Amino acid sequence: MNEQWMREALKEARRAYEKNEVPIGCVVVSDGEIAGRGHNLSQGRKNPLLHAEIIALDAAAKSGKLRRGEADLYVTVEPCPMCMGAILNARIRRLYIGADNPRFGAAGSVVDLSAYRAFNHSVIVERGLLKAECGALMRDFFETLRAD
């Protein structure tokens, strides 16, 4: 079942790719269904807040289906510190990550906010779900960008 949800996140990442956005996609799953989905829109809309995770969490909250402490989040690339803060504030139960983010990752690659003891919530992190596919999409995007 987890791969099914990450494949939905990959669909979102491909939507970002088609818009020349960094191809990161995300879905929030609550009660066995997608409560919110999103993909990066920060470049096209010139808004640094429009990361896939923020958009998906916002959509889940607006749907009324975000069950704090019971929802899971699937994202194709490890969240940045801003997104990890939103994930913690939403009290996401479990975070599934496709590819690591060695430049900005806030779930262990650069810093680990996911289990920081001073916060009143932590999230269980599972890494590497469809890692090859998630990583390949990012590599292809940046190789194409550099070639242009």
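Chains are numbered independently. Their residues run from 1 in the order of the written sequence. This being a predicted model, a pLDDT of at least 70 is required before a residue's local features are given, and a value of 80 or more before pairs of side-chain atoms are given or counted; all residues contribute to the totals for chains, interfaces and linings. Just so you know, side-chain values use all the structure's heavy atoms and leave hydrogens and water out.

Just so we agree on the cut-off: UniProt positions are given in the numbering used here, feature names are shortened, and annotations may be inferred rather than shown by experiment.
For the chain, the name recorded in an unreviewed UniProt entry is tRNA-specific adenosine deaminase, with Aedoeadaptatus ivorii as its organism. Per UniProt, the chain carries the Catalytic activity (unreviewed entry) text "adenosine(34) in tRNA + H2O + H(+) = inosine(34) in tRNA + NH4(+)".

### Concerning unusual backbone geometry
Applied cut-off: Per the convention used, a helix needs a DSSP run of H or I reaching at least four residues, while a strand needs a run of E reaching at least two, with both numbered from the N terminus.
Despite not being glycine, N20 shows a phi value in the positive range, around 60 degrees. Residue position: N20 is located in the loop between α1 (2-18) and β1 (25-30).

### Quick notes on the packing of helix α2 (residues 52-63) against helix α3 (residues 81-89)
What counts here: Helix axes are fitted only over the stretch in contact, all axes being lines through C-alpha atoms; the angle between N-to-C directions runs from 0 to 180 degrees. When an angle is under 35 degrees it counts as roughly parallel; over 145 it counts as roughly antiparallel; between 65 and 115 it counts as roughly perpendicular; any other value is oblique. Throughout, a crossing is termed right-handed when the near helix is turned clockwise from the far one, and left-handed when it is turned anticlockwise from it by less than a right angle. The contact criterion used is simple: two residues touch if any of their non-hydrogen atoms lie within 4.5 Å.
Contact geometry of α2 with α3 gives a least axis separation of 9 Å together with a crossing angle of 25 degrees. The angle between α2 and α3 places the two elements in the roughly parallel class. By crossing handedness, the relation of α2 to α3 is classed as left-handed. Note on element contacts: α3 touches α2 through M82, C83, A86 and I87, opposite E53, I54 and L57.

### Quick word on the sheet that holds strand β5 (residues 124-127)
Just so we agree on the cut-off: By this definition, two strands are paired if DSSP reports at least two bridges between them.
In space, the 5 strands of this open sheet follow the order β2-β1-β3-β4-β5, with mixed pairing throughout. Looking at which strands have only one partner, the edges of the open sheet turn out to be β2 (33-39) and β5. Between one strand axis and the next, the sheet turns by 15 degrees as a mean value, whatever way the strands run. Contacting β3 (72-77) and β4 (94-99), helix α4 (residues 131-147) crosses the sheet at an angle of about 55 degrees to β4.

### Considerations on the pairing of β1
To keep things clear, this is the line we draw: Throughout this description, buried means an accessible area under 20% of the type-specific maximum (1.4 Å probe, protein chains only), exposed means over 50%, and partly exposed covers the range between.
With 6 of its 6 residues buried, β1 lies for the most part within the structure. Going residue by residue along β1, you find G25, V27 and V29 tucked away on one face and C26, V28 and S30 tucked away on the opposite face as well. Note that β1 and β2 share 6 bridges and pair antiparallel. Of the residues in β2, the one forming a bridge with V27 is R37. The antiparallel hairpin formed by β1 and β2 contains 2 residues in its connecting segment, where D31 sits at a positive phi of about 55 degrees. Of the pairings in the sheet, the one linking β1 to β3 comprises 4 bridges and is antiparallel in character.

### Observations concerning the environment of S109
Condition: Pairs of N or O atoms are called polar contacts if they sit within 3.5 Å, as long as, within protein, a hydrogen donor faces a hydrogen acceptor (for residues adjacent in sequence, only side-chain-to-side-chain pairs).
Relative to the helices and strands, S109 is located in the loop between β4 and β5. Considering only alpha carbons, one finds S109 and I55, 54 residues apart in sequence, at a separation of 23 Å. Setting aside chain neighbours within four positions, we find S109 in contact with E78, D100, N101, P102 and R127. At 2.4 Å, the side chain of S109 and the side chain of E78 are in polar contact. Among the polar contacts listed, one links the side chain of S109 to the side chain of R127, at a separation of 3.2 Å.

### Notes on α1
Condition: One fewer than the residue count of a helix, multiplied by 1.5 Å, yields its expected span.
Taking 1.5 Å of rise per residue, 17 residues should cover 24 Å, and α1 covers 25 Å from first to last C-alpha, within 8% of that figure. Check the buried side of α1 and you find it contacts β1, β2, β3, β4 and α4. Downstream of α1 by one or two residues, N20 has phi in the positive range, about 60 degrees.

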